Amino acid sequence: MIKNKIMKEKISALADGELSDFETRRILSEISSNPEYREFWKNIHQGKEALENEESEFLDIDISNRVSFGLDKVQLKDPEQIKKHKYPQASYILASLFGFCAVIIYSLIPPPIESFSDIASQRIVDAIDSPQGIEVLNNSVSGLGILQDFKSNQKGTLANYRVPNSNKTFKVSLYPIKEVNKIGVGEATRISYIKSKNGTYVVSVSGNISTEKKNQILQNANFFAEKIN
Amino acid sequence: MKVSNKDLDLGLVKRAKAGDYQAFDLLVLKYQSRLISTAFKFVKDLQIAEDLVQDSFIKSFKSIDSFREDSTFYTWIYRITVNTSKNYLVSKKRKDEILQTDISKEENFIIEPIDKDTPENLFHASQLRNIIIESLNGLGEDTKTALTLREFDGLSYEQIAEVVNCPVGTVRSRIFRGREVIDEAIKEYRKGNQSSLAEIKP
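The following paragraphs examine the structure supplied in this document. (Residues numbered from 1 in each chain as written. Chains lettered and ligands numbered in written order. Predicted model: local features only at pLDDT ≥ 70, side-chain atom pairs only at ≥ 80, totals over all residues. Heavy atoms only, no water.)

Moving on: the pattern of salt bridges. If the charged atoms of two oppositely charged side chains come close together, the side chains can form a pair. Residue and element names in this part refer to chain B. Counted according to the given criterion, the structure contains 23 salt bridges over all chains. Notably, a salt bridge pairs Asp142 with Arg174, separated by 3.6 Å at the nearest N-O pair. Note that Asp142 is positioned in helix H6 (residues 141-151) and Arg174 in helix H8 (residues 168-200), a separation of 32 residues in sequence. Exposure remark for Arg174: the relative accessible area of 15% places this residue in the buried category. Linking Glu151 and Arg179 is a salt bridge whose minimum nitrogen-to-oxygen distance equals 3.1 Å. Taken as a pair, Glu151 in helix H6 and Arg179 in helix H8 lie far apart in primary sequence, 28 residues in all. (Salt bridge = Lys/Arg side-chain N within 4 Å of Asp/Glu carboxyl O. Helix = DSSP H or I, 4+ residues; strand = E, 2+ residues; numbered from the N terminus. Buried < 20%, exposed > 50% of the residue type's maximum accessible area, 1.4 Å probe, protein only.)

Encoded structure:
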């Protein structure tokens, strides 16, 4: 309260050009950051205008907001905002402290063990994207003849394939069992479970290939999983 | 060393030149009423006058580097406002296709007396002025004298101190006390402004 009065007295002196250069520099930032001081500044000049110019008929018009918005500047006027910004240093300190703690905690946590799903997915991604893709795929789906990837784009555990010399396509997916709802299970979908030390996974095969071939793919998937387990 | 009004404005301009918009904002708050009155004398429409002054401030901020500090900021922004208002009239007249003569010549502009067709504004202004004067009159004698010598006679704090025979610090405190009272009155006026208007309007 006392500080408030002292500040306002300085603002009053400033409006009369009666403040030292040193004090002026200090107080300007205070006025700008405190809406109450800003309003006091405005009212002083409104009062001056009213007393100096009897013909002034637009005393109570304030376009400062419009000017600041026109220049993409934001003004601090809302009293709620004052409360929020009353102790800006405290906010910075808290934010810094929080950040520092987060770094410490993060550095103490051991790096996550890559799950089977992640490894398997990455293998599929690598298989499709790498120059040796066809060879890897052939090995993975042995007995089905040569396969080509239908689309290179697949979302982690999902891959689409096409059988050469026919228009038959199929899709293979691999999910942790808790994510099984992500598999679009239809009548033609065949699924299998893969147990690993990291948990149980679901492999699914769907598409317009024979059931026999789907089963073979599931077996191959199990075999593939064992290799990387 | 004390900062004069001109120096104070220049100090704010320097800060604005350095990119400090908040310093410029204080200049807007200080001169907006006067400039709106100026623009209104040209266009006789409050909304347009406000728009023109807004444009003038925006122009001035964007070209603040071109402001030569040998004149006052007010003279500069006043000139910008007058030119902006004139340009508006030129463009409006062109649009209205009532241009009969070469209006690009400045002397063809005649600033007519203000239309007194804004009773609401006049009512506001006179009410607010009355409130400010009433507050001033209601001050204690010492405070009132100090503030009157400052606002009406434009005396410096030092000159006031000599006149009333007291320290400069006391003058500063008295002027502040007076302004504090006026500030409260203006705030009260703004609070009750809407309800008062509702009662007056038919």
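The way to describe two aromatic rings as a pair is by their centre distance and the angle between their planes. Under the defined criterion, the tally for this structure stands at 13 aromatic pairs over all chains. Arranged with centres 5.3 Å apart and planes meeting at 80°, the rings of Tyr21(B) and Phe61(B) form a pair that is edge-to-face. Here the residue Tyr21(B) occupies a position in helix H2 (residues 21-43), and Phe61(B) occupies one in helix H3 (residues 46-62), the gap between them amounting to 40 residues. Judged by its relative accessible area of 5%, Tyr21(B) falls in the buried class. The class for Phe61(B) is buried, based on a relative accessible area of 12%. Ring pairs connect the aromatic residues Tyr21(B), Phe24(B), Tyr31(B), Phe57(B), Phe61(B), Phe67(B), Phe73(B), Tyr74(B), Trp76(B) and Tyr78(B), which therefore count as one cluster. Here Lys8(A) stacks its cationic end above the ring of Phe40(A), 5.3 Å away from the centre of that ring. The ring of Tyr74(B) carries the charged tip of Arg34(B) above its face, separated from the ring centre by 4.9 Å. (Phe/Tyr/Trp six-rings, centres within 6.5 Å; stacked < 30°, edge-to-face > 60°. Lys NZ or Arg CZ within 6 Å of the ring centre and 35° of its normal.)

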